[in-house]
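Chain residues, written in single-letter form:
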Amino acid sequence: MSAVFTPQPGAPALRPLLSNALSGRPLLVGGAGACDTRRFVAQARSAAAVLPESGWVVNLCEDRHHFLVGLCAAMLRGQTTLLPPSRAPAVIAEVLARHPGSYCLVDAEHCPAPPRAHRLRIDPDAVGDGLVPEIPDSQCVVLGFTSGSTGQPRGHAKTWGAFAGSNAGNRALVEALLAEAGHAGGRPSIVATVPSQHMYGMETTVLLPLLGDCHVHAGRPFFPVDVQAALASVPAPRILVTTPVHLRALVASGLVFPPVAGLVSATAPLPEDLARAAEAVFQAPLQELFGSTETCVIAHRRTAREAAWTLQPGVELTPQPDGSLVRAPWLPEPVLLQDLVERLDGGRFVLRGRQADQLEIAGKRASLADLTRRVLAIDGVHDAVVFQTGEAGAAGVGRVAALVVAPGLDEAAVLEALRACIDPVFLPRPLRLVARLPRNETGKLPRAALLRALDADD
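Residues numbered from 1 in each chain as written. Predicted model: local features only at pLDDT ≥ 70, side-chain atom pairs only at ≥ 80, totals over all residues. Heavy atoms only, no water.

### Let's talk about the overall build of the protein
Here comes step 1: Summing up its helical and strand segments, the protein has eleven helices and 27 strands in all.
Here comes step 2: For the protein, whose C-alpha radius of gyration is 23 Å, the value lies close to the compact-globule estimate of 23 Å for 458 residues.
Here comes step 3: Once the C-alpha set of the protein is aligned to its principal axes, its extents read approximately 70 × 50 × 45 Å.
Here comes step 4: Looking at the protein as a whole, 52% of its 458 residues are labelled buried.
Here comes step 5: Considering only contacts in the protein between residues 6 or more positions apart, those separated by 24 or more positions represent 60%.
Here comes step 6: On the protein, roughly 19800 Å² of surface is accessible, and the fraction owed to carbon and sulfur atoms is 54%. (Helix = DSSP H or I, 4+ residues; strand = E, 2+ residues; numbered from the N terminus. Rg over C-alpha atoms; globule rule 2.2 N^0.38 Å. Buried < 20%, exposed > 50% of the residue type's maximum accessible area, 1.4 Å probe, protein only. Contact = heavy atoms within 4.5 Å. Areas by Shrake-Rupley, 256 points an atom, 1.4 Å probe, with all protein chains shown as cover.)

Encoded structure:
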């Protein structure tokens, strides 16, 4: 980072908008999205000057370069960027309604057009004044919403100082990956299959480039051949940021990928066998991240080799009867997560499920995560999820249901295989075969989407 800023007594603590802003280092790399830090600062200042007057902005920019410019422009204007759990029109409309005066920032023609849309225009030849913008540590720059996997999405405020604190641990993890690959001290290029609008994407594709001195690919490759091309278009050392859903497709593709220094995965549990397969294909270590919208990343593990998670520096995790209490230097107060954990020595812990996943029927106990794992273990099952519908059955608990992707199998065959490995009281009914699970952009399964998919097959 550039020179350390020492605030005067009584003055708010300030932090540069991005590290090494005057160095002219590449910020965005790969194809038409290439942009260095000097030009980026000038583009953000130029965009900020013509933003609507408001305190809230929903950044819907698809291009990562445009998203970054829009986010930083809003920060320079003192506006807070809202990160809805989905970019579906109904979700966007709900968030706008809950934040009067908010507007949508777009970089292309949206169909249907979102309400109160403002088109972001970036001057490719923008020239700055040579000054490094600084943002107060106390400024709320993002309001991130939970995914809705367990109910109504809730907003969580993130200040610029808090983001800087959580980013320090992520940057240290990247540095460890680089060192293991023989690139200690290198400046990595990040290629990501996840959108910047998700908190995982925010931490890895926005904060790491801005505050962690990394490059980032301007696009968001989706298909394996696109990931292959994106990796080839950026300089080494490379870090691939992705999800278990994308990793499975990459491993199954049979493609040969450019060398990477490391892989990072999050948003859904990563099976150990998939982690091992990914490390074999890419010949690089894979780190799985553990975090949430509420806390940001708080732990990591080398899933191919270990079941235990290691806490990020400064993070404390305290088991509670109804979950786990998280304390971190960047959190203004402790956060209670639903995850049930068993603490180990050395700042490590093992997950024992989630409070919301626990089932008790007829005096017997199970977890939705374990039931899902057993469905996935059935030969011929490609993807699956077991969940509660919320409807009270004869036993007074919500019905256990399942959506299963299993070409070549029928529902009776899947149920028969399950009878051999789980108690009959936990057999999912209904169990529906579907062509695909209703995953969102990051591979998560919002509860509302699961219920719609279940109803569609009734």
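### Topic: the sheet that holds strand 2 (residues 26-29)
Here comes step 1: Here we have eleven strands laid out as an open sheet, ordered 3-2-12-11-13-14-15-16-17-22-21, and mixed in their pairing. Both outer strands of the open sheet, strand 3 (35-36) and strand 21 (339-344), are each paired with one neighbouring strand and no more.
Here comes step 2: Relative to strand 22 (residues 348-354), strand 21 runs antiparallel, the two sharing five bridges. Within the sheet, the bridge partner assigned to valine 341 lies in strand 22 and is leucine 351. (Pairing = 2+ DSSP bridges.)

### Observations regarding the packing of aromatic side chains
Here comes step 1: With the rule as written, the count across this model stands at four aromatic pairs.
Here comes step 2: Seen from their ring centres, phenylalanine 257 and phenylalanine 282 are 4.8 Å apart, and the 25° between their planes marks the pair as stacked. Linking phenylalanine 257 in the loop between helix 7 (244-253) and strand 14 (262-265) with phenylalanine 282 in helix 8 (residues 272-282), this pair joins segments that are 25 residues apart in sequence.
Here comes step 3: By relative accessible area, phenylalanine 257 is classed as buried at 11%.
Here comes step 4: Aromatic rings pair up to connect Phe290, Trp309 and Phe349 into one cluster. (Phe/Tyr/Trp six-rings, centres within 6.5 Å; stacked < 30°, edge-to-face > 60°.)

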